[in-house]
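Here is what each chain is made of, one letter per residue.
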Amino acid sequence: MSDADWRLTISAHALADLAALYDHIAAEDPAAAERLLDQMIAKMDWMPKAKFRGVSRDWISPGLRALPFKGRCIYFRLVGTEIRVIRVLHGRQDISQPLFPNDD
């Protein structure tokens, strides 16, 4: 990886995951849902600034990386200096390769 500025992209699947997370929590506590999403987005914004490489999850899908955060897991791929967030799933959710397309 070069010293160039890194950038973040978020897949449609990850955006849908975040929307579902918000809806689930907001049903009981809209303010808590807002806070959690703000924190998750701030963490994702931090990733390219810190050139965060995460933890390998090759056993799920080749090239997949992860960042556990607030009981969830941010799954992403490194493509050059781009961090592509693929999914945002609950930490206890059953995960498998079909949840992580190689070119989302």
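For the structure itself, look to the data block above.
As the structure is a computational prediction, the values presented were derived from the model and not from experiment.

A. Layout of helix α1 (residues 12-26). Taking 1.5 Å of rise per residue, the 15 residues of α1 would be expected to cover 21 Å, and the 21 Å separating its terminal C-alpha atoms lies within 8% of that figure. Those residues of α1 lying buried are Ala14, Asp17, Leu18, Leu21, Ile25 and Ala26. The arc that holds the buried residues of α1, viewed along the axis, is 155 degrees, so those residues lie on one side. Among the exposed residues of α1, those oriented more than 90 degrees off its buried face are Ala12, Asp23 and His24. In this structure, the buried residues of α1 make contact with β1 (7-10), α2 (30-49), β4 (72-79) and β5 (82-90).

B. Fine view of the nonpolar core. Ranked by size, the top nonpolar core spans 21 residues in total, and within it Met40, Met44, Met47, Ile74, Phe76, Val85 and Val88 carry the most contacts. Mapped onto this core, the elements with two or more residues apiece are α1, α2, β3 (64-69), β4 and β5. Broken down by element, this core gets its largest block of residues, seven residues, from α2. Excluding residues within four positions of it along the chain, Ile74 makes contact with Met40, Lys43, Met44, Met47, Arg65, Ala66, Leu67, Phe69, Val85 and Arg87. Ranked by size, the runner-up nonpolar core spans seven residues in total, among them Ile60, Cys73, Tyr75 and Leu89.

C. Broad picture of the sheet that holds β5. Strand order in the open sheet made by the five strands is β1-β5-β4-β3-β2, with mixed pairing throughout. Lying at the two open borders of the sheet, with one neighbouring strand each, are β1 and β2 (55-56). The pairing of β1 with β5 spans four bridges and is parallel. Bridge pairing links Leu8 to Ile83 in β5. Across the sheet, α1 lies against β1, β4 and β5, angled at about 35 degrees from β5, the strand it touches most.

D. Representation of unusual backbone geometry. Unlike most non-glycine residues, Lys51 shows phi in positive territory, near 50 degrees. In this fold, Lys51 is placed in the loop between α2 and β2. The partly exposed category is assigned to Lys51, whose relative accessible area is 29%. The phi torsion at Lys70 lies on the positive side, around 55 degrees, for a residue other than glycine. Mapped onto the secondary structure, Lys70 falls in the loop between β3 and β4.

The rules behind the values
Each chain carries its own residue numbering, running from 1 in the written order of its sequence. Only residues with pLDDT of 70 or above have their local features reported here, since the model is predicted, and side-chain atom pairs are shown and tallied only from 80 upward, although totals for entire chains, interfaces and linings are computed over all residues. Heavy atoms from the whole structure form the basis of all side-chain values; hydrogens and water molecules are not counted. Here a strand is any run of E in DSSP of at least two residues, a helix any run of H or I of at least four, and the numbering for each starts at the N terminus. Every helix has an expected span of 1.5 Å times one less than the residues it contains. Working definition: with a 1.4 Å probe on protein chains only, accessible area under 20% of the residue-type maximum means buried, over 50% means exposed, and in between means partly exposed. Arc, as used here, means the arc of the directions from the helix axis to the C-beta atoms. Residue contacts are counted whenever heavy atoms from the two residues lie within 4.5 Å of one another. Residue types Ala, Val, Leu, Ile, Met, Phe, Trp, Tyr and Cys, when buried and joined through side-chain atoms within 4.5 Å, form a set referred to as a nonpolar core. Between any two strands, pairing holds if DSSP finds at least two bridges. As a rule, the C-alpha atoms of each element are fitted with a line to give its axis, helices using only the stretch in contact, and angles between N-to-C directions run from 0 to 180 degrees.

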